[in-house]
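Take a look at the letters that make up each chain.
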Amino acid sequence: MKPVRPVSSPEDALAQRIVWWSMLLIAMPLALFAWWTYLQFPSRLAQLERVGQVEVWHEALGQPVFAQDTLREIVRTPPDWTQARWQPATLPYVKELGAAVDLPPDAPKYRVWLRIPVPPHEDGRGRLGLLGVRVMGGPWAVWADGQLQQANLSDWRIQWNVPLRTAVPLGARELLLAVPYADPQGFAVGSLYLGPMDVVDTAWRERNLLHFDMPRMMAFVAVLMMILSFHLAWARPREPYFKLLGFNGLAWSISCLQYFFDATGQDQLAVWFGSLVDSSITWTVVMACIFAFEIEGIRVPRLRSGLVIYATLSTVLTLPLWDWQKNALIAMNYFNVLAFIVGLVTLGLHVWRRPRREGVALFMALSTLLALGVHTLENLTSQKNPDGFFSFPMGTLVLYLVFMYVMSRRAIGALDAAERHEHELRQRLHEQEQHLAEQHARLQQLEVQRHLTTQHESIMQDLHDRLGSNLTSALLQARTGALTPTDTLLLLQDLADELRHMSKSTAADRRGLNEVLAELRQRVQHRLGHGGIQLVWDVDPALPAVAGRETSQHLRALLSEAIANVIKHAQATQIRLEAREEDGAVVIAVTDNGRGFDPVSAEFGRGLPGMRQRAETLGALLEIESDAQKGCRWVLRLPLSEATKAEPTRTT
């Protein structure tokens, strides 16, 4: 058996440790240096002048329906400046969103105005720009000295993701920022900054990284997690947590669509799109909990069913079909937090009772996800702190990293189990090889013993059929006094030749049948003559050759025994030996004119059973025809296929 190369050796393990430590010693200093370098560059936001105090005025708009055409008209229409009532305010300036508020189409509408003084322009500073951290509520518009400068009617529904940025006209003395809003829904205006336009552009990109780019990157992470999970679910259909994580990634991907698409200009589609995004958050929470239960083997079917029913009802009840005319986004998210806490407590109790690394990692990841969700809900969804950023999408990265950790742990565990199993199999294989070697040795001993037994039986049969017949003939002749010293010498010579012939061992002895019979005739003719028995020879001179030593030996011994029986028992005066080919067989007949015997009632010693056994070995048919006082006829039918068939080579 070919030796199996070990999975790992001490030298391989040492080499791997050296590689990992080398990478760690190189990567850690590089990472620290990169972080230190990043910290040396101050934020561009710090180089801008923060607008601390502004003046505000809430312009009543009546009860118009906020549709795209209506908003376009509102944004472009200047107010009646004689009705303005300015009041001082500090940024950020917000009106919080309630947990559940009535929002009928004819709800009171307002437009909040913020008056921002522009510092005197200094030569060499270039053109000034205005940067707003976040504006929430409606499409904003920037006015300079009473003239509209810029508005974001094209993407205002996702403006809370993109910071405000606009250039200040040269010579402008004040800027006005206007934001229309529905009174029950409120609004939020974050901090504002003034400074050179190039610095504003750089600061906007830095801020946009947190507001917009990071959530977009998390969307790609969610898609990657979804694709990988569904691929593993397809490859391993019996492990349901891959499907659960795939659906979790799908829900994350749907919730992140708000960072890519804007339904501005399609009011009905925007309502359905918002409902889809809000419901995906609920399914994200539910799938995260059920995924953790499945990984840890927590059997809580009622809780699982309850979470799925809650997510389904929440999705159905918040569909725009019902036209509730309410904004209950915060209330729905509070229910999500409650469901998340229930799942997290269940997971925590299980981890407390049966602590495992995977369980602890999942508990910490879901706790982090819950904290990020509460932070986003309390600061941005409620419009309390527009200067913050949406941290909840970062939970995708946390969940993905924990998923990779859990899967790697499981993969390592599976590899360790496979190596242990392989070691056990090798050990069992070695034991089986030893056992088979012992059995093979015993079988060889048994084969040797069987071969020796077979040789012993063959020798005994040959001694009886060949030497025994000659000795019997000699004994009968000696009793009758028919042996002269010369005859005795010839008889002893025949016995010596017979014994020498028996001792020959030629494996490939293919001889003609006529040659075998002629040799037999030469050996028995002298004995028959001393016994007063005439030999009549009627043999076809064109008989085929016989295959192998054993076939010749069995044939010679069988005919010798037949002739010896005639000499011993028949009291015959003539023996006739016939041999010819008939119907695909060689037919050999030995006929005497002796007293014969009854084949049914006669008692046979070793001779006749031995003859039948030899005939069976040759594949031949032995027939005996005899009647009392009518002689006996021995007929052997040997098929040519058996007579010429090659014998197998024996190995010892």
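None of the values given here were measured: they were computed from a predicted structure.

**Quick word on the nonpolar core**
Then, in step 1: In this structure, F291, L347, L362 and L366 are the most contacted members of the largest nonpolar core, which totals 49 residues.
Then, in step 2: At the level of secondary structure, the elements contributing two or more residues to this core comprise α3 (197-235), α4 (240-255), α5 (267-296), α6 (301-317), α7 (329-353), α8 (357-381) and α9 (394-480).
Then, in step 3: For this core, the element with the highest residue contribution is α5, accounting for eleven residues.
Then, in step 4: Other than its neighbours up to four places away in sequence, L362 contacts F291, A292, I295, E296, L347, V402 and V406.

**As for the pairing of strand β12 (residues 174-182)**
Then, in step 1: Counting buried positions along β12 gives eight out of nine residues, so the element sits mostly inside the fold.
Then, in step 2: Direction of pairing for strand β6 (residues 109-117) relative to β12: antiparallel, over a ladder of nine bridges. Directly across from L114, in β12, lies its bridge partner L177.

**Regarding the sheet that holds strand β20 (residues 585-592)**
Then, in step 1: Ordered by their spatial adjacency, five strands build an open sheet running β17-β19-β20-β22-β21, and the pairing between neighbours is mixed. Two strands lie at the open edges of the sheet, namely β17 (534-539) and β21 (621-626), each paired on one side alone. Ignoring which end each strand starts from, the neighbouring axes of this sheet average 10° apart.
Then, in step 2: Pairing geometry for β20 and strand β22 (residues 632-639), over eight bridges, is antiparallel. Bridge pairing in β22 links I588 to L636.
Then, in step 3: Sheet contacts for helix α11 (residues 513-530): β17, β19 (574-582) and β20; angle to β17, the most-contacted strand, approximately 170°.
Then, in step 4: Across the sheet, helix α12 (residues 549-570) lies against β19, β20, β21 and β22, angled at about 15° from β20, the strand it touches most.

Each value, and the rule that gives it
- Residues numbered from 1 in each chain as written.
- Predicted model: local features only at pLDDT ≥ 70, side-chain atom pairs only at ≥ 80, totals over all residues.
- Heavy atoms only, no water.
- Core = buried A, V, L, I, M, F, W, Y, C linked by side-chain atoms within 4.5 Å.
- Buried < 20%, exposed > 50% of the residue type's maximum accessible area, 1.4 Å probe, protein only.
- Helix = DSSP H or I, 4+ residues; strand = E, 2+ residues; numbered from the N terminus.
- Contact = heavy atoms within 4.5 Å.
- Pairing = 2+ DSSP bridges.
- Axes fitted to C-alpha atoms, helices over the stretch in contact; angles between N-to-C directions.

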